[in-house]
Each structure stands twice: as C-alpha cells, then as structure tokens.
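# Descriptive analysis of the structure
One letter stands for each residue in the lines below.
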Amino acid sequence: QVQLVESGGGLVQAGGSLRLSCAASGRTFSNYAMGWFRQAPGKEREFVGSITSSGGSTYYPNSVKGRFTISRDYAKSTVYLQMNSLKPEDTAVYYCAARLTNPHIEAREYDYWGQGTQVTVSS
C-alpha cells in the first residue's frame, strides 16, 4: 500500500502561483511513477502531468505545458506540482497518484490516490 497526502491548495488570483505537495508513505517511493490530475465540478478527471520513477522524465498536456512543473524529492518521499500563471480554468480539486510502472495519462491506470486539495483561481 502507498498512502498519498496532498497539500498546498488554496485561493489565488489569476496570474499567480501555487506549489502543491504530495507526501508518500508505505512502499518504496522511488519505485513509483507519479501523476497529477485535477477534477472540476461536473467534469471528468483530467491529467495534468507525470514524472517517472527515476525523476528523469516529465510529461504535460498542452493545457498546462510551460506553466506547470513536476518534481520529486526522494529524501522527503514527496512529489511537487509547481503551478505558475494560473488561470480561472485551472480551478479544480488536484490529486496525486502513484503507479508501479511507467507513468500514464489515464487515471484508471494508477493504483493509489490521495484525497485531493482544492485550488481556486479568481479572475
């Protein structure tokens, strides 16, 4: 089992920044690829980025590319999502997820999930 706990959400004005954290415990953190997803009310869960288990590769969809950055700290067993130039359409609950192989863009491919953290971007 892997336990994931997100933090760092909040209310920010458009154009601002937030950094989300996802602290992992349980199994060996370095074995897992990590993904970030978000879900707005009435919408499906959306992929916003991933990082390989080694940390050597990241991937982002066009909607956040150039604005969001994922990193991971193995000493702290934590993965981060740095979000810059935030837009009102980025408002959602953000989730981190873990997968015991390569990262994937589909939420159903992930084995473990955090509880989510709310991000609200005001215009």
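The sections below set out a description of the structure shown in this document. Per chain, residues are indexed from 1 in the order of the written sequence. pLDDT decides what is reported in this predicted model: residues at 70 or higher carry local features, side-chain atom pairs at 80 or more are listed and counted, and totals for whole chains, interfaces and linings draw on all residues regardless. Excluded from the side-chain calculations are hydrogens and water; all other atoms, namely the structure's heavy atoms, are used.

### Examining the sheet that holds strand β1 (residues 2-7)
Paired strands, as defined in this entry, are two strands with at least two bridges between them according to DSSP. Numbering of helices and strands runs from the N terminus; a helix is a DSSP stretch of H or I covering at least four residues, while a strand is a stretch of E covering at least two. Pairing is antiparallel across the open sheet formed by 4 strands, whose spatial order is β1-β3-β8-β7. Bordering the open sheet on either side are β1 and β7 (68-73), each of which pairs with just one other strand. Taken over all neighbouring pairs, the strand axes of this sheet differ in orientation by 20 degrees on average, direction set aside. Relative to strand β3 (residues 18-26), β1 is paired through 6 bridges, and the arrangement is antiparallel. The partner of Leu4 across the bridge, within β3, is Ala24. For helices, the axis comes from a line fit to the C-alpha atoms of the stretch in contact; other axes are also lines fit to C-alpha atoms, and the angle between any two N-to-C directions lies between 0 and 180 degrees.

### Observations regarding the environment of Ile70
Among the secondary structure elements, Ile70 is positioned in strand β7. For the pair Ile70 and Ala14, spaced 56 residues apart in the sequence, the C-alpha separation amounts to 20 Å.

### Here's the deal with the packing of aromatic side chains
The relation between two aromatic rings is expressed through the spacing of the ring centres and the mutual angle of the planes. Aromatic rings from Phe, Tyr and Trp, with only the six-membered ring used for Trp, were paired whenever their centres fell within 6.5 Å, and each pair was classed as stacked if the ring planes differed by under 30 degrees, edge-to-face if by over 60, and tilted otherwise. Enumeration over the complete set of coordinates arrives at 8 aromatic pairs. An angle of 25 degrees between the planes, with centres 6.0 Å apart, marks the rings of Phe47 and Tyr59 as stacked. Note that Phe47 is positioned in strand β5 (residues 46-51) and Tyr59 in strand β6 (residues 58-59), a separation of 12 residues in sequence. Looking at Phe47, the relative accessible area reads 9%, which means it is buried. Members of the aromatic cluster, each reached through a chain of ring pairs, are Phe37, Phe47, Tyr59, Tyr95, Tyr110 and Trp113. Note on criteria: charge over ring means Lys NZ or Arg CZ within 6 Å of the ring centre, with the direction from the centre no more than 35 degrees off the ring normal. Note that Arg45 overlies the ring of Tyr95, its terminal NZ or CZ placed 3.9 Å from the centroid. Only protein chains enter the area calculation, which uses a 1.4 Å probe; residues under 20% of their type maximum are buried, those over 50% are exposed, and those in between are partly exposed.

### Things to note about the side chain of Glu6
When you line up the elements, Glu6 lands in strand β1. The sign given to each residue is positive for Lys and Arg and negative for Asp and Glu; His and the chain ends receive no count. By salt bridge we mean one thing: a side-chain nitrogen of Lys or Arg within 4 Å of a carboxyl oxygen of Asp or Glu. One buried charged side chain, Glu6, makes no salt bridge at all; its nearest oppositely charged neighbour is Arg45, positioned 7.5 Å away. Pairs of N or O atoms are called polar contacts if they sit within 3.5 Å, as long as, within protein, a hydrogen donor faces a hydrogen acceptor (for residues adjacent in sequence, only side-chain-to-side-chain pairs). A distance of 2.8 Å separates a polar side-chain atom of Glu6 from the backbone nitrogen of Cys96. A distance of 2.8 Å separates the side chain of Glu6 from the backbone nitrogen of Gly116, its partner in a polar contact. Contacts are assigned to residue pairs with any non-hydrogen atoms lying within 4.5 Å of each other. If we skip the residues at most four places from it in the chain, Glu6 touches Ser21, Cys22, Trp36, Tyr94, Tyr95, Cys96, Gly114, Gln115, Gly116 and Thr117.

### Considerations on the nonpolar core
One finds Leu4, Met34, Trp36, Leu81 and Met83 to be the most contacted residues of the largest nonpolar core, which totals 29 residues. Secondary structure elements with two or more residues in this core: β1, β3, β4 (33-39), β5, β7, β8 (78-83), β9 (92-99) and β11 (117-122). In this description, a nonpolar core means a group of buried Ala, Val, Leu, Ile, Met, Phe, Trp, Tyr and Cys residues linked to one another through side-chain atoms lying within 4.5 Å.

Geometric values such as these leave the question of function open.
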